[in-house]
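# Geometric and topological summary
Take a look at the letters that make up each chain.
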Amino acid sequence: MAALPRRLHRSSTALTPVAADPDRELLAFNVRLAKQRQGLLDVQRLERKAFREHARVDNAVAAYTRETVLVVQLSDLHFNERVELPSNRYDFSVASARLAKLAARIKLPWGFSQQRPAAG
């Protein structure tokens, strides 16, 4: 197989041999275009990812502000226990009073004792 004729191509710093075959030049041009396209697709993918993350946060905030749910976890209350010590007293009436005090301290965006505002 005969060697392809080569010509010199002036680049920014030196003369470099370039194939005189137009098919190779076309292939090199297509590769350059494919790399450029892939770079643009990568940038677009990152921009879309950032937008999706922002939109997800907005959607979650909108969903949570439509309906507010308060969760209070109570554990190991010992309602059925009775303690009579000189320094401490505990029974159902004391537990009830403590829960009423806790409920009074709970703050909701529209206030604990008020009705929930109408949607809209």
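Since this is a predicted model, take the numbers as computed values, not measurements. (Residues numbered from 1 in each chain as written. Predicted model: local features only at pLDDT ≥ 70, side-chain atom pairs only at ≥ 80, totals over all residues. Heavy atoms only, no water.)

### Let's talk about the overall build of the protein
Rules: Per the convention used, a helix needs a DSSP run of H or I reaching at least four residues, while a strand needs a run of E reaching at least two, with both numbered from the N terminus. Buried residues are those whose accessible area, probed at 1.4 Å on protein chains only, stays under 20% of the maximum for their type, while exposed residues exceed 50% and partly exposed ones sit between those limits. In this description, contact between two residues means that some pair of their heavy atoms is separated by no more than 4.5 Å.
Looking only at helices and strands, the protein has two helices and four strands in total. Each helix (α) and strand (β) of the protein, taken in turn from the N terminus, gives the series β-β-α-β-β-α. When burial is assessed residue by residue, the protein has 5% of its 120 residues classed as buried. For the protein, the share of sequence-separated contacts (at least 6 apart) that also reach a separation of at least 24 residues comes to 20%.

### Concerning unusual backbone geometry
For aspartate 76, which is not glycine, the phi torsion reads 55° and is therefore positive. We classify aspartate 76 as exposed; its relative accessible area is 61%.

### Examining the pattern of salt bridges
Rules: One speaks of a salt bridge when a side-chain nitrogen belonging to Lys or Arg is within 4 Å of a carboxyl oxygen belonging to Asp or Glu.
Following the criterion strictly, the structure yields two salt bridges and no others. The shortest N-O distance in the salt bridge between arginine 82 and glutamate 84 comes to 3.3 Å. We classify arginine 82 as exposed; its relative accessible area is 64%. Close ionic contact of arginine 89 with aspartate 91 constitutes a salt bridge, the shortest N to O distance being 3.1 Å. Arginine 89 gets classed as partly exposed once you look at its relative accessible area, which sits at 43%. Owing to a relative accessible area of 11%, aspartate 91 belongs among the buried residues under this scheme.

### A look at a nonpolar patch on the surface
Counted only if it meets this: Nonpolar side chains (Val, Leu, Ile, Met, Phe, Trp, Tyr) are joined into patches within 5 Å and like charges within 9 Å, using only residues with over 30% relative accessible area and no salt bridge. Per-residue and other accessible areas were derived by the Shrake-Rupley procedure at a 1.4 Å probe size, with only the shown protein chains allowed to occlude residues.
Taken together, the side chains of Leu70, Val72, Leu74 and Leu102 define a hydrophobic patch exposed on the protein surface, amounting to about 330 Å² of accessible area. Summarising the element assignment, leucine 74 is placed in the loop between α1 (22-66) and β3 (83-84). For leucine 74, a relative accessible area of 44% puts it in the partly exposed group.

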